[in-house]
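What the coordinates show
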Amino acid sequence: MRMVFFGSRSRIISYWLPVLFHSDHVRKCFKPLSTSQILYSTDRHRLPENWGKNRLKKIKQLYIRNMDDPKIQSILQPFRLAVKEQGDLVRQLKESGAPELDVKKAVNELKQRKKILEDKEIELAPPEVGFDRARMEDLLKRRFYYDQSFAIYGGVTGQFDFGPMGCAMKNNILNLWRSHFILEEQMLEVDCTILTPENVLKASGHVDRFADLMVKDLKNGECFRLDHLIKAHLEKLMTEKNVTPPQIAEYEDIIVKLDGYSKDEMNAILRKFDMKSPNTGNDLSDALEFNLMFSTSIGPTGNLKGFLRPETAQGIFVNFKRLLQFNQGRLPFAAAQIGNSFRNEISPRTGLIRVSMGEK
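Let us look at the structure shown here. On a predicted model such as this, the values are computed, not experimentally measured, just so you know.

Scanning the protein from terminus to terminus reveals 13 helices and 13 strands. Here the protein holds 360 residues, and 32% of them are scored as buried. Sequence-distant contacts in the protein: of pairs separated by 6 or more residues, those separated by 24 or more amount to 65%. A total of about 23300 Å² of accessible surface is found on the protein, and carbon and sulfur atoms cover 53% of it.

Right, dumping it as structure tokens:
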């Protein structure tokens, strides 16, 4: 989905698109903590508000307690010492035969400290903890919401087909999008061609700059997107036990600035940390620029070079004059387009997050 605002003012419209799965589908994607049965709502269209909260809390607490991150452990250490101190006091009072009222007061204080510790553990846990994305994707594929394209021939990474339920869900989202942005907000909708001549994308800078840096395994030729490789390698280094605070600060600084580094700077980082192929441990090549657009030729002679559009906004920009005329020369106005765009990703993901062709 692509929206472009023209005129002296720009507006940012934020609109949530709620997509609700069958409640049973969602439940199966959370890791069970125990085999004890849990009573669920009989309403098949919505989950109870408190569904899974206690189980999710326990999963997050277990995750934090098993982490080796020194930064998180240092934050939790004062809370844990406070709980231990109060627990020792309760034991001493019980062993010394202290009055029951004093013991109850100490126990209540212990419970309060434990609650504070638990809340802090839950606060520090990443939001995705407790949700098993792999199980969710497996369930959606088995129910044929979507599946990998050409699966009977081995499949192609980054390409997917939508089944009946997936198409229905996608159409609901598109209808809701059009209902709000086109009908209510009165944006001007266009539907432009997917094939784009080279001179158009040359003028927009896509031919020269729409590229990512990649490196190759020198033995088997496997390719990796360089910024993702550097980030994963430095995040792994930060979890090592012998890492020092200055080193962590350096790694975090590099990760934050990754998008702004030049090709030579990325090469320097690659060699400084002696990075190898994450799959084989083989040496890697220097950084190479890889253009993310799918090239093709238009017409029978093949003389007119073109590309599959890398984003849907180009059609809006090249039709600005026509849209302005349609709007009777008045500014501001907003234009929108929705349709497929294509990117030849270096490392397509296994799910729908990073794909070669997507509705935008």
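From this point, things continue past the structure.
Residues Val215, Leu226, Ile230, Leu234, Tyr251, Leu270 and Phe273 are the most contacted members of the largest nonpolar core, which totals 22 residues. Examining the composition of this core, we find that six residues originate from one element, helix H9 (residues 226–238), more than from any other. Not counting the four nearest positions on each side in its chain, valine 215 is found in contact with Glu222, Cys223, Phe224, Leu226, Leu229, Leu270, Leu284, Ser285, Asp286 and Ala287. Counting nine residues, the second largest nonpolar core, distinct from the first, contains Ile72, Leu76, Leu93 and Leu117.

What follows covers the side chain of aspartate 212. With respect to the helices, strands and loops of the structure, aspartate 212 is situated in strand S6 (residues 211–216). By relative accessible area, which is 15% here, aspartate 212 ends up buried. A distance of 3.3 Å separates the side chain of aspartate 212 from the side chain of arginine 225, its partner in a polar contact. In contact with aspartate 212, other than residues within four places in its own chain, are Arg225, Leu288, Glu289, Phe290, Leu292 and Ile346.

By the criterion of burial, strand S11 (residues 333–337) is predominantly enclosed, with five of the five residues buried. Residues of S11 alternate between two faces, with Phe333, Ala335 and Gln337 on one and Ala334 and Ala336 on the opposite face, all of them buried. Taken together, the two bridges between strand S4 (residues 188–189) and S11 define a ladder with parallel strand orientation. Residue pairing in the sheet places glutamate 189 in a bridge with alanine 336 of S11.

Time to look at helix H6 (residues 164–184). The end-to-end C-alpha separation of H6 is 29 Å, in line with the 30 Å expected for 21 residues at 1.5 Å each. Along H6, the helix axis deviates most sharply at arginine 178, where the bend reaches about 25°. Here H6 has its buried residues at Gly166, Leu174, Trp177, His180, Phe181 and Ile182. Glutamine 186 sits one or two positions beyond H6 and adopts a positive phi of about 55°.

Once that is clear, we can look at the sheet that holds strand S5 (residues 195–197). Reading across from one edge, S5-S10-S9 is the order of the three strands in this open sheet, with antiparallel pairing throughout. Single-partner strands in this sheet number two, and they are S5 and strand S9 (295–298). Averaged over all neighbouring strand pairs, the angle between strand axes comes to 45°, with direction disregarded. In this structure, S9 lies alongside strand S10 (residues 304–308), joined through four bridges in antiparallel fashion. Bridge pairing in S10 links isoleucine 298 to leucine 304.

Our focus in this paragraph is the packing of aromatic side chains. Taken as a whole, this structure holds four aromatic pairs when the rule is applied. Here the aromatic rings of tyrosine 146 and phenylalanine 160 are separated by 5.5 Å at their centres, their planes lie at 80°, and the arrangement is edge-to-face. Residue tyrosine 146 is located in strand S2 (residues 146–148), and its partner phenylalanine 160 is located in strand S3 (residues 160–162); the two are separated by 14 residues in the primary sequence. When its relative accessible area of 12% is taken as the criterion, phenylalanine 160 is described as buried. Both rings, one in tryptophan 177 and one in phenylalanine 181, keep their centres 6.0 Å apart while their planes meet at 45°; by these two values the pair is tilted. Separated by four residues within a single helix, tryptophan 177 and phenylalanine 181 lie in helix H6, roughly one turn from each other. Here tryptophan 177 and phenylalanine 181 have matching classes, each one buried.

Attention now goes to the sheet that holds S6. The antiparallel open sheet is built from three strands, whose spatial order is S7-S6-S8. In the strand order of this sheet, the two ends are held by strand S7 (223–225) and strand S8 (288–291), each with one partner. In this sheet, adjacent strand axes meet at a mean angle of 50° when their direction is disregarded. Pairing analysis gives four bridges linking S6 to S8, with the strands arranged antiparallel. Each residue of the ladder has a partner; that of aspartate 212, found in S8, is phenylalanine 290. Across the sheet, H9 lies against S6 and S7, angled at about 75° from S7, the strand it touches most.

Another aspect to go through is the packing of helix H3 (residues 70–95) against helix H4 (residues 100–124). The N-to-C vectors of H3 and H4 enclose an angle of 165°; their axes lie 9 Å apart at closest approach. The orientation of H3 with respect to H4, classified from their angle, is roughly antiparallel. At the point where H3 passes H4, the crossing takes the left-handed sense. Classifying every residue of the contact of H3 with H4 gives 15 nonpolar, two polar and nine charged.

The rules behind these values
One numbering rule holds for all chains: residues counted from 1, following each sequence as written. pLDDT decides what is reported in this predicted model: residues at 70 or higher carry local features, side-chain atom pairs at 80 or more are listed and counted, and totals for whole chains, interfaces and linings draw on all residues regardless. Side-chain numbers here rest on the full set of heavy atoms in the structure, without hydrogens or water. Strands are runs of DSSP state E lasting at least two residues, helices are runs of H or I lasting at least four, and both sets are numbered from the N terminus onward. Each residue is placed in one exposure class: buried if its accessible area under a 1.4 Å probe, protein chains only, is under 20% of its type's maximum, exposed if it is over 50%, and partly exposed if it falls in between. The contact definition used throughout considers only heavy atoms, calling two residues in contact when any of these lie within 4.5 Å. To measure how exposed things are, a 1.4 Å probe is used in the Shrake-Rupley method; for residues, cover is taken only from the protein chains shown. Among buried residues, those of type Ala, Val, Leu, Ile, Met, Phe, Trp, Tyr and Cys that are joined through side-chain atoms within 4.5 Å constitute a nonpolar core. Think of a polar contact as two N or O atoms within 3.5 Å of one another; within protein, one of them needs to be a possible hydrogen donor and the other a possible acceptor, and neighboring residues in sequence only count if both atoms come from side chains. In short, DSSP must find at least two bridges between two strands for them to pair. Helix span is expected to be 1.5 Å times the residue number reduced by one. Fitting one axis to the seven residues ending at a residue and another to the seven starting there, the bend at that residue is the angle between the two axes. Helix axes are fitted only over the stretch in contact, all axes being lines through C-alpha atoms; the angle between N-to-C directions runs from 0 to 180 degrees. Ring pairs shown here join Phe, Tyr and Trp side chains whose ring centres sit within 6.5 Å, with only the six-membered ring taken for Trp; geometry is labelled stacked below 30 degrees between planes, edge-to-face above 60, and tilted in between. Just so you know how the angles are binned, under 35 degrees is roughly parallel, over 145 roughly antiparallel, 65 to 115 roughly perpendicular, and the rest oblique. Each helix crossing is assigned a hand: it is left-handed if the near helix lies turned anticlockwise from the far helix by less than a right angle, otherwise right-handed if that turn is clockwise. Throughout, the ten residues Ala, Val, Leu, Ile, Met, Phe, Trp, Tyr, Cys and Pro are labelled nonpolar, Asp, Glu, Lys and Arg are labelled charged, and all others, Gly among them, are labelled polar.

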